[in-house]
Structures are given as structure tokens and as C-alpha cells.
Amino acid sequence: MKPAFKTTNPLKDFHSLRVSQPPRTASPRLQNVQSFVDAQIVKTGFDPITCRFNFLLKNLLRRGEVYKARKLFDQTPHKNTVSTNMMIAGYVKSGNLGYAKQLFDGMLERNPVTWTIMIGGFSQSGQFREAFKLFRDSWRCDRELDSVTFTTLLSGCNEPELAKELLQVHACVVKLGFDSNLIVCNGLVNSYCKIQLLDLASRVFAEMDERDTVTFNTLMTGLANDGLYEDTIRFLLEMRHLDLKPSDFTFSAALSAAIGLGNLALGQQIHVLAMKTSFVLNVFVGNALLDFYSKNNCTIEARKLFDEMPEVDGVSYNVMITTYHWEGQLLEALKLFRELVLTNFDRRQFPFPTMLSMAANTINLQIGQQIHAQVILTTAILDIHVENSLVDMYAKCGRFKEAKMIFTDLACRSTVPWTAMISGYVQNGFYEEGVKMYVDMRITDVAADPATYATILKASANLASLSLGRQLHSSVVRSGFMSYVHSGSALLDVYAKCGSMKDAIQTFEEMPVRNIVSWNALISAYAQNGDGKATIKTFEEMIQSGRSGRFDEAEQLMAEMPFDPDEIMWQSVLSSCRIHKNHELAKKAADQLFNMKELGDAAPYLTMSNMYASVGEWENVSKVKKAMRERRVKKISAYSWVEIKHKIHVFAANDKDHTQMDKILQKIDSLTELMEKEGYKPDSNCSLHNVAEEIKIESLKYHSERLAIAFALISTPEGSPILVMKNLRACTDCHAAIKVISKIVQREITVRDSNRFHHFKDGFCSCKDYW
């Protein structure tokens, strides 16, 4: 007879494994330790040795000593699933997914915890497809999945490309009955919002049996991020109707919607709600309110809130500094930044890009260098946005050596730093260098964006290179950026400054979107080319009022304006005074211009100097030149250029350096004889030097635009049009001379000076002798 098996009580045997029983008077702490040991023994299959090793392993992993934990794990004589799960979790937590996967692959037996740990590791590291593959494998192994597994998996689904996988997860949720689980459903709503499937997120929300604050916050955040601001506020009202308590995320989403709607009153109501619920004391909500007031141009309200916040952080300072920067209150921004430097907040999160942008826009190299020093001290130099801002700052401040050094060391040269370099060159007048930089950018296969095109088109316009402008036009069209107003307006400006009004008008007509910038560009183009009738009525009336010489009305208009006349207005008055020889008002306009602190333009000084010289007031000429020296205003040398066979030829007055100068001078002499027969008489008043009359007349023949025209005449086929560019205003004598030349040679000659285009044909100019 077989002996009967003795049945034993597992719990009784479990108690017998204890080293000793704690006394009844043991402290609560000792009782907790005992309970923990009991639980560990159960988990490890009642093996005291494995229990001890697992206890030590857990302590090492808790302290982050993964290397020591692995050594202990390898020495454990009897490992079990709990041991391996702990080691895998340790690797996952430290970011060593490779080692975690090795242990996982080597396991003979896995439980739901094992799968959840690995799924969570890949999901949280942004490798959702790997996490989903593990989830699918666990499903095939017929493992029992729980809500934690689904929640862990869904936490990493945040890319639109993952829609297919998310739908499959959703199907599993429904099939296994977890669609009634609040936490899982919140995870689904969150994932659908993140991958911008708001309709599915709303459907899950509508079908949920139970909703909490997290549910509403998740959907409201998704709606706000997708621009559905009214829906966001609707759910806020529904949430309040259900008496659900708001959280900091509730206020963040609601304020984001208020910003999107541009509704100041709504944001203020949300502010009141935050005060009633005491969330205004929460720094996260406080920062959201700061952002709201900042983006509604309520700088005073934002600063008042900032000063009243019981707790501020680096974000609070960042928002306020950026606000002051937007409002142009640079001293306040700098003061607040200096205050921020004295705090203990994480320096790597300081608003360095904003401060560097401020230095760049104000051309303040000193501030820029101080910020650069802070960047180096805080290791923020490793931030790509900071590096790009440094390139922009140095380039715009004209320090191209430093800008190029930082640019060269960039690990990733995206469109942003390339555009910053190009913009720096163009802004400082180095147009050819800007073009060369653009060519290098395209050679390296970096795509241009609308800002790049707007900048390089500006360079093209200033170089008046029609061939470059056409090439850029093709690039803008191919890139799909013609719909951007600034790109189209810049292109229009190129054609206008190259004298091709036909292309300028066509560009304007083809622009899908127009605003004040594009209209101004076309008006300016017509004005530069002397076609006042084509401009809008208001502009035509303004032009007719300078042209009529009605200076009393002009002065009265400026006196009645609700703001002070600016540099452009006074320069227009001064220019009109030159034409109509109104010396008294010219002196008044000049005094207004000379008293402007920021005036660095030499044009008004030269206009007054020329007016004094034309009437022989040489003493006043000397005074103007002295004032220029004292204010360090430099006179720009006059030069003209012409493009022949895709090559630019530049000429200065009395230039003798050109390789074909002998032929050019011969052409000028032959033209002079023919011009005299046509009745041309030199105007010696245009030679603004106190020298003999015959020397004045002789010098007029060799002004830069005449040299350029003569070269074009001997270098191009008869009858073909000529386009000459000049960096300064053409003098009256050259204007008269070119009218006669156009009649003699029977060619259309276009001269663009600093003011406008002059289209000469058959002895007449499009400006009707006004410029």
C-alpha cells in the first residue's frame, strides 16, 4: 500500500522559514520590514537564498549601482523571474535598452510584468514601433495583459506615422474589455490627440462611461494644440458644469485657447477662476498667465503678475524678458536678465537666444559678447539654438570672423545659420559675399526657406543683377514659396530695381496673397520708374504736392500730423527743395535731419553741400563738411556699374583702370561732339569744386555713369537697350547729357540712381526731369 501523502498548509511552511518571529511589542517599522521579507519569500518561491539575493539586488538598483547589481545577479545561484525582471528594469531605467533586451531574449519564462517593463522601456525612449512589436509578441504568446501594459504602451505613441499601430492597440483594448477602464481610455484620448486624430479622440471621449479631470485636460490640450480654441473653451465649461476640479493643465489649455482667440476678456476671466481656486499660486499656471498677457501685448499686466507671484522660476523670467524684447524695452529686458543671472535657476535654460537676438537687432556687440561669455560658462553653447543665435549676432554686428568661426564648428548646419550668415552680409552691405554664401549653401544641399529668399533677393535688388533675380525667381517658384508675401514682394523689388517693370507687375499680379508690404513694393516700383499715374490716388496726390512746389501746404500738413515727421519725410522735403531751389526751407529740413541722433546717412549733408556749392556759398560748404567729420558721417564714393555678358563692370568718376579705357574715352569724345551739335551745354554748377570753369566742364564728361554708358555702347549690339546702375543720385548735367545721348544713339538707356529709375528714350526721360 502506497503511503498517503501528507498535506501541509503552505502558509504554515512559509512561517517556518522565518529566522525568528518578532515580538508582539515590535515597532511599526520592524513590522513593515517583516511584511516586506514575507512578500519577498512568496515571490521567490519560498527560497530564502534567492530572497536574500533579490533583496540585495533591489537595494543596489535603487541606488543606481547597475554595474554592481549585474555582478550580483550573475553570482545568484538560483535566479527566478523576479530577479531577472528587477535587473531588466534597472537597465531600462538607466537607458541601457540593449542589455535589457539581451536578458529579456534569454528568459525561458516571462510574466506580464516582464513584457510591461520592456514595452515601457522602448515606448518611453521614443521607439514605439519596437514597443508595439513586443506588445504584439506578448499577444501571440497568449499572455494575460492588464491595464498597466496598455497604459505603458500608449504613453509613447506621439507621432502621426503611428496611426496604424495605435488603431490596432485600440482594437485590442476593446476586444479585451479595457474600453471601460478610465486610465486606459485616458491613454487612448491622449495618444489620438498627440498624433492629431482629434475626431477619434473626441469619439473615445464621448463613449467613455466615466471621465475625470485628466480626461478633460487631455482633450482640451489636444484641441488647443490643433487650433480648435472654441471647442477647448466649450469643454472647459462642460467640465465646470460637472463640478470637476481643474488642475494646472486645465488652465494651461484654456489660456492657450484664449491666446489663439485673441480674447483678452476671456483670459482675464480664466485669471479670475485661477484666483478663486488658488491655482494662481501655482508657478506653472502663473507662467501660463504671464504668457497670455505677453502675447496680448499687456506688458504692464504681465509685470504686475510677475511681481505678485509667490514663486517664480526660470520660465517666468524667460517670458518676461521675451515680452520686453518684443516691446522694444531693451533696457528692462537687460535689467531682468541681470537679475536672473543672480538666481540659482538652471543657467542652461536662460533665454540666451532672446538676448542674443536683442543684441543682433540693436547691433550691440558689447551686450552680445557678454551674453556669449555667459553661454560659455553655463555650457549652453551646446544648444543648437544658442549656437545659431551667436552666428546671427556676430554676423549682424559685422564681426564675420567670429561668426564664421562659430558657423564652421556647428555640428549641424541647417537653413537657420546659413540664412543668418547671408543676412549678416546683406545687412552690412556686403551683397556679393551674401550671394557667394547663398551659392555655397545650395552646393551643400541645404534647402532655402522664405527668410533665405527674402534676404538673398534683397542682395540681388541692391546689386541690380537681373540675371541673378531671374534665377532666384525660378528657385522660389520651385520651392513653393511664391505664396509667401515677403518672398513675392522681395522679388517684385528685384525686378523694379533692375528696371524691368513688366516682370515686376507680372510678379505682383501672380501673387496669391497681397498685403501692405506687397502694395508698397509696387507703389515704390512705379515711383522709382517715374510712373506716378500708375500709383494709387492718395500716393499720386502726395507726389503731385512735392512736384507742385506747394511747400506751405507741405509744412502745414507735417505740423498737423499726430506724430513727428521722420527722417524719410524731411529727406523728401529736402529733395524737393533742391529741385525747386527753395534754400530757406532746405536749411530748415537739413537742421531737422542733422539734429536726429540716429542719422548716419550722408545724403542730406551732400544735398545741402551741393545746394550751397551751386550758388557759390563755399564757406557754408565747408561748414557742412566739418559737421560731417564731427559726426563721423562718411561720404560714400560715387560709382556706377553695368552687366555685360554676365560680368559686372564697375566705374568710378575719372576712372582710368578699365582694360578698355582708351576705347571708352574715344567714345565719350565722339559723343561730346555730337551732343554739342544737338544743342547740349554743360552745366558747370554740377561740378561742386572751387576750381576754374574749364576744369569743371571737363570733369563732367567723366562722371561714372557716362563711363559705364560709353562702355556699354561699344560692348553691345546697336539698338539693344542699356541698363546702368549708380549708387548715388545722378547729377543734373548727367541727366541732361544722357537724354541727348539716347536720341543720338537711338537706344533706350535706363539709369537707376539711389532715388529712382530713369528711362531715357528719344531725348526724353520718364521722370519728366523730376527726381
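Numbering of residues starts from 1 in each chain and follows the order in which that chain's sequence is written. In view of the model being predicted, local features appear only for residues whose pLDDT reaches at least 70, and side-chain atom pairs are presented and counted only at 80 or more, with totals across whole chains, interfaces and linings using the full set of residues. Water and hydrogen atoms play no part in the side-chain values, which are based on all heavy atoms of the structure.

The name an unreviewed UniProt entry assigns to the chain is Pentatricopeptide repeat (PPR) superfamily protein, from the organism Tripterygium wilfordii. In its Sequence similarities (unreviewed entry) section, UniProt records this for the chain: "Belongs to the PPR family. PCMP-H subfamily." UniProt positions are given in the numbering used here, feature names are shortened, and annotations may be inferred rather than shown by experiment.

Asks: Just to check I follow, could you spell out the overall build of the chain for this structure?
Replies: Per the convention used, a helix needs a DSSP run of H or I reaching at least four residues, while a strand needs a run of E reaching at least two, with both numbered from the N terminus. Helix and strand counts for the chain come out as 41 helices and six strands. Per-residue accessibility, obtained with a 1.4 Å probe over protein chains only, is compared with the maximum for each type, and a residue is labelled buried under 20%, exposed over 50%, and partly exposed between these values. Sorting the 771 residues of the chain into buried and exposed places 46% on the buried side. The criterion used for residue contact is that any of the two residues' heavy atoms lie within 4.5 Å. Sequence-distant contacts, at least 24 apart, represent 60% of the contacts inside the chain between residues at least 6 apart. Carbon and sulfur atoms provide 53% of the accessible area of the chain, an area that totals close to 41400 Å². A 1.4 Å probe and the Shrake-Rupley method give the accessible areas. Residues count as covered only by the protein chains that appear here.

Asks: Looking at this structure, I do not really get the UniProt feature "repeat: PPR" (unreviewed entry) in the chain. What am I missing?
Replies: UniProt's feature table lists "repeat: PPR" (unreviewed entry) at residues 80-110, 111-145, 181-211, 212-246, 313-347, 414-448 and 515-549, given in the numbering used throughout. Secondary structure content for residues 313-347 is 71% helix and 0% strand, while the C-alpha to C-alpha distance between its ends is 11 Å. Between the end C-alpha atoms of residues 414-448 there is a gap of 9 Å, over a span that is 74% helix and 0% strand.

Asks: Where do I start with the pattern of salt bridges in this structure?
Replies: Here, a salt bridge means any side-chain nitrogen of Lys or Arg that lies within 4 Å of a carboxyl oxygen of Asp or Glu. Per the stated rule, a full pass over the model turns up 20 salt bridges. Residues Glu402 and Arg399 are paired through a salt bridge, measuring 2.8 Å at the closest nitrogen-oxygen approach. Taking the relative accessible area as the measure of exposure, Glu402 reaches 23% and is therefore partly exposed. Connected via shared salt-bridge partners are Arg63, Glu65 and Lys68.

Asks: Help me out: how do you make sense of the confidence of the model for the chain in this one?
Replies: Model confidence for the chain is summarised by a mean pLDDT of 81, while 84% of its residues fall at 70 or above. Confidence of the prediction at every residue is given by pLDDT, a number between 0 and 100. Counting interchain partners and residues more than four positions distant, the pLDDT-below-50 stretch residues 1-26 has 15 contacts. Under a pLDDT of 50 for its full length, residues 540-545 has, in the predicted model, four contacts with residues more than four places off or in other chains.

Asks: What is the right way to look at the sheet that holds strand E1 (residues 639-644) in this model?
Replies: One key point about sheets: their strands pair by backbone hydrogen bonds, in either a parallel or an antiparallel sense. Pairing within the open sheet is mixed, and its six strands lie in the order E2-E1-E3-E4-E5-E6. The open sheet terminates on both sides in strands that have one partner only, identified here as strand E2 (647-652) and strand E6 (764-765). Only strands that DSSP links by at least two bridges are regarded as paired with each other. Pairing between strand E5 (residues 757-761) and E6: two bridges, direction antiparallel. Opposite Lys761, over in E6, you have Phe764 as the bridge partner.

Asks: So what exactly am I meant to see when it comes to helix H5 (residues 81-94) here?
Replies: In an α-helix, one full turn covers 3.6 residues, which means residues spaced three or four apart are oriented alike. With 14 residues, H5 should reach 20 Å at 1.5 Å per residue; the first-to-last C-alpha distance of 20 Å fits that figure. Three or more residues of H5 are buried, namely Thr81, Ser83, Thr84, Asn85, Met86, Met87, Ile88, Gly90 and Tyr91. Lining the buried residues of H5 we find helix H3 (48-62), helix H4 (66-75), helix H6 (97-105) and helix H7 (112-124). Gly95 sits one or two positions beyond H5 and adopts a positive phi of about 85 degrees. What a helix is expected to span follows from its residue count: subtract one and scale by 1.5 Å.

Asks: For this particular structure, what's the right way to read the pairing of E2?
Replies: Along any regular strand, the residues point their side chains to alternate faces of the sheet. Relative to E2, E1 runs antiparallel, the two being bridged by six bridges. Paired with Trp641 across the strands is Val650, a residue of E2. Hairpin connection from E1 to E2: two residues lie between these consecutive antiparallel strands, with Lys645 at a positive phi of about 55 degrees.

Asks: Teacher, can you tell me more about the environment of Leu60 here?
Replies: Within the element layout of this structure, Leu60 appears in helix H3. Taking the relative accessible area as the measure of exposure, Leu60 reaches 12% and is therefore buried. In this structure the C-alpha to C-alpha distance between Leu60 and Leu72, which are twelve residues apart in sequence, comes to 9.2 Å. Not counting the four nearest positions on each side in its chain, Leu60 is found in contact with Glu65, Lys68, Ala69 and Leu72.

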